[in-house]
Protein chains: 4
Amino acid sequence: MKKKIRVGVIGTGRIGRLHTEHLAFRIPEAAVVAVSDVVKAAAEKCAADFNVPIVAADYRVLLDSPEIDAVVICSSTDTHAQIIVEAAARGKHIFCEKPISHDLPAIDKSLEAVRRAGVKLQIGFNRRFDSNYRRVWEWVREGKLGDPHILRITSRDPSPPPIDYVRVSGGIFLDMMIHDFDMARFLIGSEVEEVYTMAAVRVDPAIGRAGDFDTAVVALKFENGVLGTIDNSRKAVFGYDQRVEVFGSKGMVQTSNNTPNTAKFSGPDVVSEDLPLNFFMERYIDSYVREMKEFIGCVSEGREPPVTGIDGRMPVLIGKAARLSYDQHRPVRVAEIAGS
Amino acid sequence: MKKKIRVGVIGTGRIGRLHTEHLAFRIPEAAVVAVSDVVKAAAEKCAADFNVPIVAADYRVLLDSPEIDAVVICSSTDTHAQIIVEAAARGKHIFCEKPISHDLPAIDKSLEAVRRAGVKLQIGFNRRFDSNYRRVWEWVREGKLGDPHILRITSRDPSPPPIDYVRVSGGIFLDMMIHDFDMARFLIGSEVEEVYTMAAVRVDPAIGRAGDFDTAVVALKFENGVLGTIDNSRKAVFGYDQRVEVFGSKGMVQTSNNTPNTAKFSGPDVVSEDLPLNFFMERYIDSYVREMKEFIGCVSEGREPPVTGIDGRMPVLIGKAARLSYDQHRPVRVAEIAGS
Amino acid sequence: MKKKIRVGVIGTGRIGRLHTEHLAFRIPEAAVVAVSDVVKAAAEKCAADFNVPIVAADYRVLLDSPEIDAVVICSSTDTHAQIIVEAAARGKHIFCEKPISHDLPAIDKSLEAVRRAGVKLQIGFNRRFDSNYRRVWEWVREGKLGDPHILRITSRDPSPPPIDYVRVSGGIFLDMMIHDFDMARFLIGSEVEEVYTMAAVRVDPAIGRAGDFDTAVVALKFENGVLGTIDNSRKAVFGYDQRVEVFGSKGMVQTSNNTPNTAKFSGPDVVSEDLPLNFFMERYIDSYVREMKEFIGCVSEGREPPVTGIDGRMPVLIGKAARLSYDQHRPVRVAEIAGS
Amino acid sequence: MKKKIRVGVIGTGRIGRLHTEHLAFRIPEAAVVAVSDVVKAAAEKCAADFNVPIVAADYRVLLDSPEIDAVVICSSTDTHAQIIVEAAARGKHIFCEKPISHDLPAIDKSLEAVRRAGVKLQIGFNRRFDSNYRRVWEWVREGKLGDPHILRITSRDPSPPPIDYVRVSGGIFLDMMIHDFDMARFLIGSEVEEVYTMAAVRVDPAIGRAGDFDTAVVALKFENGVLGTIDNSRKAVFGYDQRVEVFGSKGMVQTSNNTPNTAKFSGPDVVSEDLPLNFFMERYIDSYVREMKEFIGCVSEGREPPVTGIDGRMPVLIGKAARLSYDQHRPVRVAEIAGS
């Protein structure tokens, strides 16, 4: 049997626990040997629940351990870039939740550290591993749609996060639409050249007072000439609304939302079905397993991860461009941001 | 029995023949008493097919006839405004195919003539009478969706018109997307305030050489704060693609394409269905009957038609704004056009 | 222009008026020159509404008229067989609503009269002309499903007919399921060999007191070895439920109900759609036009109609077998009935 | 933390391994402490893969171990009844794969042993735990459909099992349709009173030569008056076809097949989707986890399992009645079998 990849998980909040569980129970090729969290009790509970031997408050304990091959960074966003730099320096392979950082120089510094250390880095854009998006991606890549012409992404949350979170989130473009910017690049296979943003506060005035938006439409032009739109809302009363459509010279592909069952009721007033799966923990659960399996496989076999540092960097640029477009009420080329 | 409304049809091309047939066979409250066409043979064939007693090459024969209560204008776009002026002056009620004109002063002059004459004027935005869009409109109006937040319209033709037509069409925004601008105003119940346009030539370079586009995405902001997108393509290989989605504070409504049958095949490779109805004559046939029934009813009962002169004017403004946005590579307020 | 087929319509109840309207307005190759009804006022109203010159109480007026090429028999079921005999004797082509009769000798006599006279006879199994069933039939015939193995037909009405009608209807098997027996033969292209019936009174005890059932399941074996089921209910609270499924060695085809629009609502509790089209006048309206167009075409061009006398006879046999199966609580071969 | 239920798995073929994996990784309330298989190497591999400490060729090792609270019986069908008797005698709680036996006296003897020992017994009708069927069951139970009138179950496999298996399988009614008989009882909440069977060899003559059928339709009458049909085929070229429909006085519920993704392609020829999930390991995987979780919960909390011995017995009776109906070409009351 092949040697298991020994993993340390840094940050044991919701997403950190999820990755720990998957690594412990669903991915036989890996073993979680350590977890850390600034709130040590959280790390301890996680360790107990998933039989993890080493627990620490300080992630440096993990980085210093020779027993660890790779780290999974699930701590708060502002710590990602620094931990990447340190982990790379210690030769650990790195899985990092998105986004790397909201600060471009910090991103660049961390990517440079990874490059120099020659370690693997995978960014947590899990939706790329979802079976719906995967099928769309395959069909685009196989040429089943011919040349893509128009992309439409819809991405709406069931309800807004707490205002305290909104304040530190980086704003709707870097916190929420960043997933869609990644998806846009992934599906079209070309970089976004220019964006134009319309945004509004329609759901909760408090979000507006926090300097953010809850409703936004972004028009996109890709380097390969494809046009696209993304729309986001912080509140879809029917649940998590995650759909994509790619229209091309030879056909179109569309996805619809996943549902908890296929039961359809025909009654005296309407025909009805259950609501879609409510939020990302139900909707994207399989994609979380698959991305982690893929990361472990890449470390194990020395392959390049499918979502690399540049994939972590570009959506941040696009997100900044999207915000600038709104602020200056004009179309913005992504290159304007890259140049900054 | 109520007296039938006596109608003259001006222009007996495809759409003129269609209206004649509906008036003759589907709308018992009306009688077609005359048809005219500059190509007199076309008018004669139409008259013979649908038992119309009076035939003329010159539409003025119809306008001068005291036997005619109302005219249906289906001649070429550049003649609409002038015929409206003349018909109004002779006290005829008017149904006019879209658009009234590409020339704003001409539109305004014709609407003024209608106003002064006190005749009824209905514009041929037939999609408002389609059962899918009608349902969406009802649900928005009833508040079933709460406050609307985001509108998405997709409208794609099965194949581009001949290049000769493209040259005189007024361009994709005034020829094709004009229907979507009307639909946007109709569904949201608010005026479009600002547009931003991305457009491209993806289908046929000849369309580009003719100074037009075949692929376009327009982002819209409405006066009531709703955001929206419209996308158009001149060529959807799977047929006529006509869908809308309205997302609001209490829910979302989506329509899908109409299909020729509901048969679904499950075979060894895929699950498949027949393509959607191919083009507007199949897809929207019922809406043509309904709009004409409604016009006849309005004339008969002295009601104001549901699609009035202002509804003919506004989409032209938006279309011009959309083109200007592309030309100047900036968001354009519709008021900029209105002011010109 | 070809000479129009001159038609007389016998019986101007709901279905007779419908055929008259279609012949008058939708089928240019035909002209309705006479209508008759035992209730003369009904015939007069029908004639006035659709511009029919000749009106009579006695259908023999139509049969005696040299101005009439074909008759459409829409009178009460008990008169069909006799009128067929008389019409055939006078050389009129015949379209007859289903069923020809509940009495087998009467059916046989009328078919013999038709044969001898050499006139065309088409039976009004309109569903064969519906676009859903048509597609299924085509796919079966083309071999797209391979060898058919299992057939499932569901056919449920929105609400039971009046008890007075139930009493004279011939019972659920001859009145309602007869359409499904026809569909079964049509889709599978083989005769039904044996049936087994389970039936119950679940909707309204008054139907049971009238000696009939409102809920029934019939298992079928075809001569070519296909197995099938039909289920009927007199009351589907969600409307008219008309679906079919054919499963074969190379695939399956299923139809679903037709809907008034494609609008889909996603709200805080459910995802919902409008109910299916409510009853046969909406659901099958196009099939009525098509069957009549086909009949006129057959008369005009001397072709054999696609739904002949034998197609009128066989479903009656199957219906009688289905009832006998229930009464004797055993499987019944259709040949047992044919032999009687 | 509550004490874990210690489980021994008897039989480590495909289904035994599956249960072992779920107990080991997905159900924290349980621990697999032993596995046995007559092919000891199989048990050893299973133990190694899922960290099970005790391995045996003889299941009696497990029954004799005081370390084991419950056994999961996944050995061949002919051993189930005997192992149940022995396990009950040793006070072990029992989860047993379906069917208990094809031999009624053996079933009765094993149920009596369970009753006397007072241990829990759950039968492996996993589909009851599938989210589609669960929803149907809930809606029936809540009265959302009113009184149920008609049940339709479709259940078709992607391809027939090997002929060697067919020979010992007990036949299509006890091997395959037994799941549907269970589902029928579960959904309708009433016992099946009478069946009538039509069956054929349509897929593979070798199945016929083995004395079995590959295509079957069974009509059912329930004690509460509901009528129903079940159809089975051993070969659906499009994959695993598992659907149900319940029609009642207040509405209808239908399920459709589960699919690997929601991507829909619209191309120049057809609109298409991927095939349904292919077979039970993909389609019903979640139901296997849920049934086992439920069993462990019942043992842990002393609750009665939701699928009891009688639920294991009744479908065997119905299956025997179904076969007898075919053999004697007549409707058969289930009570005829129960009386034997």
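Predicted model only: the values in this text are computed from it and were never measured.

Calculation rules
Residues numbered from 1 in each chain as written. Chains lettered and ligands numbered in written order. Predicted model: local features only at pLDDT ≥ 70, side-chain atom pairs only at ≥ 80, totals over all residues. Helix = DSSP H or I, 4+ residues; strand = E, 2+ residues; numbered from the N terminus. Buried ≥ 20, exposed ≤ 12 C-beta atoms within 10 Å, placed from the backbone. Least-squares fit on C-alpha atoms with pLDDT ≥ 70 in both. Contact = placed C-beta atoms within 7 Å. Nonpolar A, V, L, I, M, F, W, Y, C, P; charged D, E, K, R; others polar. Pairing = 2+ DSSP bridges. Domains from an automatic or database assignment. Axes fitted to C-alpha atoms, helices over the stretch in contact; angles between N-to-C directions. Expected span 1.5 Å × (residues − 1).

Q: I'd like a description of the overall build of chain A, backed by residues and values.
A: Looking only at helices and strands, one finds 14 helices and 15 strands in chain A. Counting only C-alpha atoms and orienting by the principal axes, one finds that chain A spans roughly 55 × 55 × 45 Å. Within the span of chain A, comprising 340 residues, buried residues form 57% of the whole.

Q: Quick rundown of the relation of the copies chain A and chain B? Include the residues and the values.
A: When chain A is fitted to chain B, the best match, at an RMSD of 0.0 Å, comes from turning it 180° and sliding it 0.0 Å along the axis. Taken together, the rotation and translation describe the operation of a two-fold axis. Looking at the rotation axis and the C-alpha trace of chain A, the residue lying nearest is Arg330(A), at 2.9 Å. Both copies contact each other with a shared surface, as 100% of the interface residues of chain A are interface residues in chain B too.

Q: Provide a residue-level description of the interface of chain A and chain B, including the pertinent values.
A: The accessible area lost on association of the parts is a frequent measure of interface size. Counting residues at the interface gives 26 residues for chain A, matched by 26 residues for chain B. Of all the secondary-structure elements, those providing two or more residues to the side of chain A that touches chain B are β7 (148-156), β8 (192-200), β9 (215-222), β10 (227-233) and β12 (251-254) of chain A. Residue classes in the side of chain A that touches chain B are distributed as twelve nonpolar, seven polar and seven charged.

Q: Explain the interface of chain B and chain C to me, and be specific about the residues and the numbers.
A: Each partner contributes residues to the interface: chain B has 25 residues there, and chain C has 25 residues. Within the residue set of the side of chain B that touches chain C, elements represented by two or more residues are α6 (131-141), β12 (251-254) and β13 (264-266) of chain B. Counting residues per element, the side of chain B that touches chain C draws most heavily on α6(B), which supplies five residues. When its residues are assigned to classes, the side of chain B that touches chain C shows nine nonpolar, eleven polar and five charged. Bridge analysis of β13(B) against strand β12 (residues 251-254) of chain C gives three bridges, and the strand direction is antiparallel.

Q: Account for the pairing of strand β10 (residues 227-233) of chain C, with residues named and values stated.
A: A regular strand carries its side chains on alternate faces of the sheet. Residues and elements named next belong to chain C. In terms of residue burial, β10 counts as a mostly covered element, since seven of its seven residues are buried. Relative to β10, strand β7 (residues 148-156) runs parallel, the two sharing seven bridges. The partner of Arg 156 across the bridge, within β10, is Ser 233. The pairing of strand β9 (residues 215-222) with β10 spans seven bridges and is classified as antiparallel. The partner of Val 218 across the bridge, within β10, is Ile 230. Linkage of β9 to β10, two consecutive antiparallel strands, is achieved through a turn of four residues, within which Gly 225 is found at a positive phi near 95°.

Q: So, the domain arrangement of chain A: which residues are in play, and what are the values?
A: Residues and elements named next belong to chain A. Taken domain by domain, chain A consists of domain 1 (5-119) and domain 2 (128-278 + 315-338). For domain 1 and domain 2, the distance between their C-alpha centres works out to 28 Å. Listed as interface residues are five residues of domain 1 and, on the opposing side, five residues of domain 2. For the side of domain 1 that touches domain 2, the class distribution of residues is three nonpolar, one polar and one charged.

Q: For the sheet that holds strand β4 (residues 70-73) of chain A, give the residues involved together with the corresponding values.
A: Residues and elements named next belong to chain A. Judged by pairing direction, the sheet is parallel, and its six strands sit side by side in the order β3-β2-β1-β4-β5-β6 without closing on themselves. Two strands lie at the open edges of the sheet, namely β3 (54-56) and β6 (121-123), each paired on one side alone. Each strand axis lies, on average, 20° off the axis of its neighbour in the sheet, ignoring direction. Sheet analysis places strand β1 (residues 5-10) next to strand β2 (residues 30-36), joined by six bridges and oriented parallel. Note that in β2 the partner of Val 9 across the bridge is Val 35.

Q: Describe helix α1 (residues 14-26) of chain D, with residues and values.
A: Residue and element names in this part refer to chain D. Here α1 is 13 residues long and its end C-alpha atoms lie 17 Å apart, about the 18 Å a rise of 1.5 Å per residue gives. For α1, the set of buried residues is Gly 16, Arg 17, His 19, Thr 20, His 22 and Leu 23. Here the buried face of α1 lies against β1 (5-10), β2 (30-36), α2 (40-49), β4 (70-73) and α12 (285-301).

Q: Explain unusual backbone geometry residue by residue, including any values.
A: The residue after Lys98(B), namely Pro99(B), is reached through a cis peptide bond having omega -15°. Note that Pro99(B) resides in the loop between β5 (93-96) and α5 (104-117). Backbone geometry places Asn51(A), a non-glycine residue, at a positive phi of 60°. Tracing the backbone through its elements, the reader meets Asn51(A) in the loop between α2 (40-50) and β3. Not every positive phi belongs to a glycine, and His329(B) is a case in point at roughly 55°.

Q: Hey, could you go over the sheet that holds strand β5 (residues 93-96) of chain D for me, with residue numbers and the actual values?
A: Residue and element names in this part refer to chain D. Strand order in the open sheet formed by six strands is β3-β2-β1-β4-β5-β6, with parallel pairing between adjacent strands. A single partner strand is all that each edge strand has here, and the edge strands are β3 (54-56) and β6 (121-123). On average, adjacent strands in this sheet sit at an angle of 20° to one another, irrespective of strand direction. Of the strand pairs in this sheet, β5 and β6 are connected by three bridges, and their pairing is parallel.

Q: Lay out the pairing of strand β11 (residues 241-248) of chain D in plain terms, naming residues and giving numbers.
A: Residue and element names in this part refer to chain D. Most of β11 sits inside the fold, with seven of its eight residues counted as buried. Bridging between strand β7 (residues 148-156) and β11 involves eight bridges; their strand directions are antiparallel. Paired with Pro 148 across the bridge in β11 is Gly 248. Where β11 hands over to strand β12 (residues 251-254), the hairpin turn is made up of two residues, counted between the paired strands.

Q: Lay out the packing of α6(B) against helix α9 (residues 177-188) of chain B with the relevant residues and their values.
A: Residue and element names in this part refer to chain B. In contact at an axis separation of 8 Å, α6 and α9 are set at 35° when each is read in the N-to-C sense. Of the residues in α9, those in contact with Tyr 133, Val 136, Trp 137 and Val 140 of α6 are Met 183, Phe 186 and Leu 187. Class assignment of the residues belonging to the contact of α6 with α9 gives a composition of seven nonpolar, no polar and no charged.

Q: So what's going on with the relation of the copies chain B and chain C? Which residues, and what values?
A: Note on the identical chains: chain B maps onto chain C by a rotation of 180° and an axial translation of 0.0 Å, with an RMSD of 0.0 Å. When the interface residues of chain B are mapped onto chain C, 100% of them again fall at the interface, so both copies present the same face.

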